[in-house]
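# Reading the structure
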Amino acid sequence: MEYVRLGSTGTKVSQLSFGTWRFGRETGGVVETGKDEAHDLLDAAWDRGVNFIDTANVYGSPNGLSEEYIGDWLAHHDRSDFVVASKVYFPFDGWGDPGPNDSGLGRKHIRRQVEGTLDRLGTDYLDIYYIHRWDDQSRIEETLRTLTDLVREGKVHYLGASTMAAWQLTKALWKSDVNGLERFEVTQPLFHAAYRDDVKEYLDVCADQDLAVCPYSPLAGGFLTGKYERVEDDPYTVKAPDDSRASLSDRFDDFYVSARGWHVLDAIREVAGELDATPAQVALRWLIEQDEFTCVPITGARTVDQLDENVGAVDIELSDDQFDRILDARYDEEGRRWGHDN
């Protein structure tokens, strides 16, 4: 495993981050990853050199279980070996029904949630604290001042921003600059090989400001692993294996699958055959090899075998031609972007 500097920070992380969204999460009456399975996965990730763990206060059913699982595991390890990230914004139900101040990015909610996160993780500090979404109801100055205080108190090392519009990220960076506040150093957008143009302006801001990009759903919810197949005469629907993401979520087709996606997947499969690799490894490697910004994909393996496959992405290398073929697969022969309209 190689380690890369996280944007313009002084912290180095593994080329892949381990995501814990499934820890303790119940979907359709099925717990995706229980505590013992979570600890086995964390053991396997650490054994393979992954030192970057991503979670959030709202992961788990009820919320907070993911952080608790990680905290129990960290208690048996040296905390300083790991870079741990968590998030704040959404209503938190781990203490019962959320009240009127139990969501958003106001000072009261952030302060209460960070203390809960630190307690569940059994740590004195977070390496990265993300705002999980933009909050239209709270002034960004209030949010940034609260987060800056957490950095100055030693409870947080760096600030991160997840999904938002490019103008919102730009505004936050400008407010930090003119007010002498800590700025977002790490971002976490939805970004994968079939979904780049959609977030191009956001990624342009990251490149210009030397922000690290840690994309979630780098395999398009499993679509880019190649385990799904087209339904005959319907390019927007997939046949999914049992217990796969597509079978667990009715939103899978609308959120991930498009004519563009199938073309990109075809290119990924072709490159995988040339490299004797899997489509998942090629899709992850394509992200790692972004040259405009540091890109550290967040992988959310459900089994150790899946984790091993994902980690294999660090052992392959794409040629310029292979990288560009995947990039260009978004477009038809007329240079138009594939989508539902063509």
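Attention here is on the structure that accompanies the text. (Residues numbered from 1 in each chain as written. Predicted model: local features only at pLDDT ≥ 70, side-chain atom pairs only at ≥ 80, totals over all residues. Heavy atoms only, no water.)

Time to look at the sheet that holds strand 7 (residues 83-88). The eight strands are arranged 11-10-9-8-7-6-3-14 in an open sheet whose pairing can be described as parallel. Since the sheet does not close on itself, it has two edges, and those belong to strand 11 (212-213) and strand 14 (298-299), each with one partner. Two elements, strand 3 (residues 17-19) and strand 14, share two bridges in a ladder whose sense is parallel. Looking at the pairing, Phe18 lines up with Thr299 of strand 14. (Pairing = 2+ DSSP bridges. Helix = DSSP H or I, 4+ residues; strand = E, 2+ residues; numbered from the N terminus.)

Quick look at the pattern of salt bridges now. In the structure shown here, the tally under the stated rule is 21 salt bridges. Between Glu32 and Arg25 there is a salt bridge; the shortest N-O distance is 3.4 Å. Looking at Glu32, the relative accessible area reads 8%, which means it is buried. According to the relative accessible area criterion, Arg25 is partly exposed, its value standing at 27%. Where Arg112 meets Asp102, a salt bridge forms, and the shortest distance between an N and an O atom there is 3.1 Å. (Salt bridge = Lys/Arg side-chain N within 4 Å of Asp/Glu carboxyl O. Buried < 20%, exposed > 50% of the residue type's maximum accessible area, 1.4 Å probe, protein only.)

All chains considered together, the criterion is met by one cavity of 30 Å³ or more. When its volume is computed, the largest cavity comes out at roughly 30 Å³. Here the lining of the largest cavity is built from residues that sort into four nonpolar, two polar and two charged. (1 Å grid on protein atoms, 1.4 Å probe; cavity = no way out; pocket = protein on both sides within 12 Å on 5 of 7 lines; lining within 4 Å. Points joined across faces, edges and corners; volume = space filled by probe spheres on them. Nonpolar A, V, L, I, M, F, W, Y, C, P; charged D, E, K, R; others polar.)

Tracing the backbone through its elements, the reader meets Thr294 in the loop between helix 10 (279-288) and strand 14. Within the local environment of Thr294, its side chain forms a polar contact with the backbone oxygen of Arg5, the two atoms lying 3.4 Å apart. Apart from residues lying up to four places away in sequence, Thr294 is in contact with Val4, Arg5, Gly7, Ala212 and Val213. (Polar contact = N/O pair within 3.5 Å; in protein donor to acceptor, adjacent residues only side chain to side chain. Contact = heavy atoms within 4.5 Å.)

Buried residues dominate helix 2 (residues 65-74), accounting for eight of its ten residues. Turning to helix 2, its buried residues number three or more, namely Leu65, Ser66, Glu67, Tyr69, Ile70, Gly71, Trp73 and Leu74.

This paragraph deals with the packing of aromatic side chains. According to the stated counting rule, one finds eleven aromatic pairs in the structure shown. Relative to Tyr69, the ring of Phe23 lies with its centre 6.3 Å away and its plane at 40°, an arrangement referred to as tilted. Here Tyr69 lies in helix 2 and Phe23 lies in the loop between strand 3 and strand 4 (26-27), a separation of 46 residues in the sequence. (Phe/Tyr/Trp six-rings, centres within 6.5 Å; stacked < 30°, edge-to-face > 60°.)

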